[in-house]
There are 2 protein chains.
Amino acid sequence: MSDDDRHAAKMAKKKAARDKIMATKTDEKGLVIVHTGKGKGKSSAAFGMIFRCIAHDMRSAVVQFIKGGMSTGERDLILGRFSDICAFHTMGEGFTWETQDRSRDTEMAAAAWEKAKELIRDQENRMVLLDEINIALRYEYIDVADVIAFLAEEKPPMTHVVLTGRNAHPDVIEAADLVTEMELVKHPFRSGIKAQIGVEY
Amino acid sequence: MSDDDRHAAKMAKKKAARDKIMATKTDEKGLVIVHTGKGKGKSSAAFGMIFRCIAHDMRSAVVQFIKGGMSTGERDLILGRFSDICAFHTMGEGFTWETQDRSRDTEMAAAAWEKAKELIRDQENRMVLLDEINIALRYEYIDVADVIAFLAEEKPPMTHVVLTGRNAHPDVIEAADLVTEMELVKHPFRSGIKAQIGVEY
């Protein structure tokens, strides 16, 4: 048996196994999706999904709980080119260690959560991204039990909701259908490289 | 001291520590960025960076080493709306277990790598995304030593190159500046949910 034949046989076996698994996956439902961890890409991967929705002409919405948490580039692209199909709301004002005002942060987070509920209830939206909500939950600016109860009881069955941010609450992970942890393996900040256009923002 | 004051004091301390660290980060350079791991979001987060470049009017390029590896939505969005600022090349034809032809896959991967080198050498491109190249490297369709030598010797100093795909080769991780591992915590395929528009493609 040649190398090529061996490879073909191995791949045919893989394909058969994969086809068999995929045949059992027949249901569709709106997912609760969480991107957490200390690594990069939590918000970017979520924006990738928003751009997929845009590409498929599916209406979606973004609520930015913490202003500094997200790329201004992605925001400007949505606001500038796709505001007809993707609503975009920025409710926070920079990271909490920039504002140092718990009362104001709590008010902002509460307003963001009200907006989020309104957007999720609107069945026109097929996906709603709650960017950096995990930070607001971690600082208890909004109540984790409220969020989980709302997702369980009021989210329309086919709507996808994506929650991003470090330190996702264990109850949020428990309630989610799809959880990815972005793990930091190596970062150039450690060797004196600053945040750069196109990469970080 | 009230709760609010304690919070403000804690945040002020965090801000001071963060500002001190950020002040030491002054260099800019083109990064070698790797997204790997079994979790979702490797390609989406890379596309998020491409969209940031687009938003900032920075020219970029994508070479898709494995056709099935990426969202057709993101591809169509780039081809349809942003082809003036982002070159897009699809060189593979579905995952290797779909094709089962090692010779053809090797030819395709070699052609994709030639195209990648051409795009990286062109200094007009500020970022080049090599989508799913890690799969081609893993199956030894292209030589990892060639790729690393090229990135070290011929990549223009300010160009960012992003390599995605599972099972990144240890030498690739060693050569990279920024590595993120997307770890699968929970996946709805396990409970019979199929790949869905907007989420997976």
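Okay, so let's go over this structure.

Rules and cut-offs
- Throughout, a residue's number is its position along its own chain's written sequence, starting from 1.
- All chains are assigned letters beginning at A, and all ligands numbers beginning at 1, according to the order in which they are written.
- It should be noted that, the model being predicted, local features are given only for residues of pLDDT at least 70 and side-chain atom pairs only at 80 or more, the latter also being counted only at that level, while totals for whole chains, interfaces and linings use all residues.
- Only hydrogens and water are set aside; all other atoms, that is, all heavy atoms of the structure, feed into the side-chain values.
- Disulfides are defined as pairs of cysteine sulfur atoms found within 2.5 Å of each other.
- A pair is scored as a salt bridge if a Lys or Arg side-chain nitrogen falls within 4 Å of a carboxyl oxygen belonging to Asp or Glu.
- Helix and strand definitions here come from DSSP, where helices need a minimum of 4 consecutive H or I residues and strands a minimum of 2 consecutive E residues; each element is numbered from the N-terminal end.
- Only protein chains enter the accessibility calculation, which uses a 1.4 Å probe. A residue is then buried if its area is under 20% of the maximum for its type, exposed if over 50%, and partly exposed in between.
- Given a helix with a known number of residues, its expected span is that number minus one, times 1.5 Å.
- Ring pairs shown here join Phe, Tyr and Trp side chains whose ring centres sit within 6.5 Å, with only the six-membered ring taken for Trp; geometry is labelled stacked below 30 degrees between planes, edge-to-face above 60, and tilted in between.
- A ring is scored as having a charge over it whenever the NZ atom of a lysine or the CZ atom of an arginine sits within 6 Å of its centre and within 35 degrees of its normal.
- Note on method: axes are straight lines fitted to C-alpha atoms, helices fitted across the in-contact stretch only, with angles between N-to-C directions ranging 0 to 180 degrees.
- Should an angle lie under 35 degrees it is considered roughly parallel, over 145 roughly antiparallel, and from 65 to 115 roughly perpendicular; all remaining angles are considered oblique.
- Crossing handedness follows the turn of the near helix against the far one: under a right angle anticlockwise gives a left-handed crossing, and clockwise gives a right-handed one.
- Here, residues are in contact when the closest pair of their heavy atoms is within 4.5 Å.
- A least-squares fit on C-alpha atoms brings the copies together, and the residues used are those whose pLDDT is at least 70 in both copies.
- Buried area is understood as the total, over both parts, of accessible area removed when two parts are fitted together, assessed with a 1.4 Å probe.
- Side-chain atoms alone can form a polar contact between residues adjacent in sequence; in general such a contact is a pair of N or O atoms within 3.5 Å, and within protein one must be able to donate a hydrogen while the other accepts it.

Evaluated as defined, the whole model comprises 0 disulfides over all chains. Unpaired in this structure, Cys53(A) has its nearest cysteine sulfur neighbour in Cys86(A), at a distance of 8.4 Å.

We now examine the pattern of salt bridges. All names here are of chain B. For the structure on display, the rule yields 10 salt bridges over all chains. Glu 118 is the partner of Lys 115 in a salt bridge, and the nearest nitrogen-oxygen pair spans 3.4 Å. Taken together, the residues span about one helical turn, with Lys 115 and Glu 118 both in helix H5 (residues 102-121) at a distance of 3 residues. For Glu 118, a relative accessible area of 46% gives the class partly exposed. Among the salt bridges present, the one from Arg 121 reaches Glu 154, with a minimum N-O distance of 2.8 Å. In this pair, Arg 121 is assigned in helix H5 and Glu 154 in the loop between helix H7 (144-153) and strand S5 (160-164), connecting sequence segments 33 residues apart. Look at Arg 121 and you get partly exposed, because its relative accessible area is 42%. Given a relative accessible area of 40%, Glu 154 falls into the partly exposed group.

Right, let's talk about unusual backbone geometry for a bit. All names here are of chain A. Despite not being glycine, Asp 57 shows a phi value in the positive range, around 60°. In this fold, Asp 57 is placed in the loop between helix H2 (42-55) and strand S2 (60-64). Judged by relative accessible area, which is 66%, Asp 57 ranks as exposed.

Further remarks concern H5(B). Helix length check: H5(B), at 20 residues, gives a terminal C-alpha distance of 28 Å against a target of 28 Å (1.5 Å per residue), a fit within 8%. Among the residues of H5(B), those classed as buried are Asp105(B), Ala109(B), Ala112(B), Trp113(B), Lys115(B), Ala116(B), Lys117(B), Leu119(B) and Ile120(B).

Below, the discussion takes up the packing of aromatic side chains. The final tally for this structure, using the stated rule, is 10 aromatic pairs over all chains. Taking 6.3 Å as the distance between ring centres and 80° as the angle between the ring planes, the aromatic pair formed by Phe82(A) and Phe82(B) counts as edge-to-face. Of this pair, Phe82(A) sits in the loop between helix H3 (72-81) and strand S3 (86-90) while Phe82(B) sits in the loop between helix H3 (72-81) and strand S3 (86-90), on two different chains. This pair shows no difference in class: Phe82(A) is buried, exactly as Phe82(B) is. Ring centres 5.5 Å apart and planes at 80° place the aromatic pair Trp113(B) and Phe150(B) in the edge-to-face group. Separated by 37 residues along the polypeptide, Trp113(B) in helix H5 and Phe150(B) in helix H7 bring together distant segments of the chain. We note that Trp113(B), like Phe150(B), is buried. Within the aromatic cluster, the residues linked to one another by ring pairs are Phe51(A), Phe82(A), Phe51(B) and Phe82(B). Positioned over the ring face of Tyr139(A) is Arg138(A), at 5.6 Å from the centre of the ring.

Here we take up the packing of helix H2 (residues 42-55) of chain B against H3(B). Residue and element names in this part refer to chain B. H3 packs onto H2 with a crossing angle of 15° between their chain directions and a minimal axis gap of 11 Å. One way to sum up the angle between H2 and H3 is to call them roughly parallel. When you trace H2 past H3, the crossing you get is left-handed. Touching Ser 44, Phe 47, Ile 50 and Phe 51 of H2 are Glu 74, Leu 77 and Ile 78, all from H3.

On to the side chain of Ser60(B), then. Residue and element names in this part refer to chain B. One can find Ser 60 in strand S2 (residues 60-64). A residue is classified by how much of its surface remains accessible, and Ser 60, at 1% relative accessible area, is buried. Leaving out residues up to four positions away in the same chain, Ser 60 has contacts with Ile 50, Cys 53, Ile 85, Cys 86, Ala 87, Asn 125 and Met 127.

This part covers the relation of the copies chain B and chain A. Superposition record for chain B on chain A: RMSD 0.0 Å, screw rotation 180°, translation along axis 0.0 Å. Interpreted geometrically, this transformation is the action of a two-fold axis. The C-alpha atom lying nearest the rotation axis in chain B is that of Ala45(B); the distance is 2.0 Å. Take the interface residues of chain B: 100% of them recur as interface residues in chain A, which is what a same-surface contact looks like.

The next thing to look at is the interface of chain B and chain A. If you look at the interface, chain B gives 79 residues, while chain A gives 79 residues. A combined buried area of about 7,200 Å² lies between chain B and chain A, and 59% of that area is made up of carbon and sulfur atoms. Viewed at the interface, chain A and chain B are joined by 0 salt bridges. Applying the counting criterion to the chain B and chain A interface returns 6 residue pairs in polar contact (both at pLDDT 80 or more).

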